[in-house]
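The primary structure of each chain is shown beneath.
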Amino acid sequence: MDYNKLKSNIESNNLYFFVFICALCCLNFGLLVLLAHHRSITDATCQWDCFWYTDIVKNGYATQPFWYDQSRLAEGNWAFFPLYPAIAYAFHSALSIPPLAAELLVNVILWPILIYLCHMHLRDRSITLDRIKFAIFFVIFPFNLWYTSEYSEGVYGTLLILILILLQKNYLKWAAFFCFLIGLSRPTGFISVAFIAAWLFFIKTYVKNQSLSWKNVFIRLQESTLLVSAAGAGLSLYVLYLFHLTGDGFAFSHVEVAWFRKFDWLPVQFVHALKEKNQRSFVVFSIFVMYVLYKMYKKKWYFEASFMTFIAFIAASTGLQSIERYALSNPLVMEFLALSTLSQPPARQKKILALLLVLHIVAIKIWFHGKIWFV
């Protein structure tokens, strides 16, 4: 089969496109194995929060802080929400594979699905991009580390895009179901849905509605309340579980004290990060995030820009650490950057993709060596 025919099939046939995405992800997985050298791929990709998720899969949630663990003294695993480790545990039990392999398998499955969903999300907004280059961009994007490691990004990102697609199609009940799940996926799950629901209410009530009436306002309020209630139910389920387990339903928030994370104004966080040698890279990432958000506003991606500004502000309010994970690895940002790249002239596209491939390899090497540049 020649390239032109293959390209035509990928562009016109969704199954071909998904298979192509899976093939690219397999090639990327092979690259990860090569760069891991003598280490197993599960050990190489397991960095930072991965150890907490593995502890949950193996032992469940702790009933009290770790008082005798010198590397995690007075810390607990409650900050890591249960959906991802629960899915990993199901794979671990059903397939009889090690916990680390089960955790990685979750993201190996979800990553190509998420790429496909992101393309569908753009297509539903009447944005058409070259499918081959779109998939390549996502696979070699340097800030996709957490989608090929033992992290909850795959679960959260997939749920987020699914919710947005379903709301575009007005499948409110299914959207509410996935809002429930995202409330169980990570701390930003509930606040993500709260923002989406508020935006949906505003758009449907004041922008798309031709005749403003109390009846229409009440209907839109019901829809938004359903989404928030569903996400709140997921969060509340975890809160009730923690209360039963530890006596502190909000232990997931309180344990952040052990990691010296506390709320402060953004300029103060910048000054603090500049003083710390191992956090200066996060200042650079933060500046890049602000530039990307500015470009999103300028291109009239108002919902995405506002949503990501909200998420980035929440993430940075307790420290700049991990800002690149919360913002730059978010699928909405990756969609925008893919569109920006693939809107360039063909010659420039090739240069950008080549640069991204080099940065992708560099980022993997940094990650495998456990450097604090990416957490």
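Figured I'd write up the structure that's included with this text.

### Considerations on the environment of Thr158
And step 1. Relative to the helices and strands, Thr158 is located in helix α8 (residues 153-168).
And step 2. On a C-alpha basis, the gap between Thr158 and Trp111 in space is 8.2 Å, while along the polypeptide they are 47 residues apart.
And step 3. Ignoring sequence-local partners within four residues, the contact set of Thr158 consists of Leu110, Leu114 and Leu117.

### Quick notes on helix α11 (residues 214-246)
And step 1. Over its 33 residues, α11 runs 45 Å from end to end, which matches the ideal 48 Å to within 8%, given 1.5 Å per residue.
And step 2. Looking one or two residues beyond α11, the residue adopting positive phi is Gly247, at roughly 85°.

### Things to note about the packing of helix α6 (residues 99-124) against α8
And step 1. Here α6 crosses α8 at 30°, and the two axes come no closer than 9 Å. Between α6 and α8, the angle falls in the class roughly parallel. Our pair here, α6 against α8, has a crossing hand that is left-handed. Every residue of α8 that contacts α6 at Val106, Asn107, Leu110, Leu114, Leu117, Cys118, Met120, His121 and Asp124 is listed here: Gly154, Val155, Gly157, Thr158, Ile161, Leu162, Leu164, Ile165 and Gln168.

### Considering the packing of aromatic side chains
And step 1. A full pass over the atoms with the stated rule returns 31 aromatic pairs.
And step 2. Relative to Tyr238, the ring of Tyr61 has its centre 5.6 Å away and its plane inclined at 50°; by these criteria the two rings are tilted. Linking Tyr61 in the loop between α4 (50-59) and α5 (83-95) with Tyr238 in helix α11, this pair joins segments that are 177 residues apart in sequence.
And step 3. On the accessibility criterion, Tyr61 (11% relative accessible area) is buried.
And step 4. Residue classification places Tyr238 among the buried residues on the basis of a relative accessible area of 1%.
And step 5. Ring geometry for Trp174 against Phe177: centres 6.0 Å apart, planes inclined by 90°, an arrangement best described as edge-to-face. One end of the pair, Trp174, and the other, Phe177, are both in helix α9 (residues 172-183), three residues apart, so they sit about a helical turn from each other.
And step 6. On the basis of relative accessible area, Phe177 is assigned to the partly exposed category, the value being 41%.

Basis of the calculations
Residues numbered from 1 in each chain as written. Predicted model: local features only at pLDDT ≥ 70, side-chain atom pairs only at ≥ 80, totals over all residues. Heavy atoms only, no water. Helix = DSSP H or I, 4+ residues; strand = E, 2+ residues; numbered from the N terminus. Contact = heavy atoms within 4.5 Å. Expected span 1.5 Å × (residues − 1). Axes fitted to C-alpha atoms, helices over the stretch in contact; angles between N-to-C directions. Parallel < 35°, antiparallel > 145°, perpendicular 65-115°, else oblique. Left-handed = near helix turned anticlockwise from the far one by under 90°. Phe/Tyr/Trp six-rings, centres within 6.5 Å; stacked < 30°, edge-to-face > 60°. Buried < 20%, exposed > 50% of the residue type's maximum accessible area, 1.4 Å probe, protein only.

Interpretation in functional terms is not warranted from these geometric data alone.
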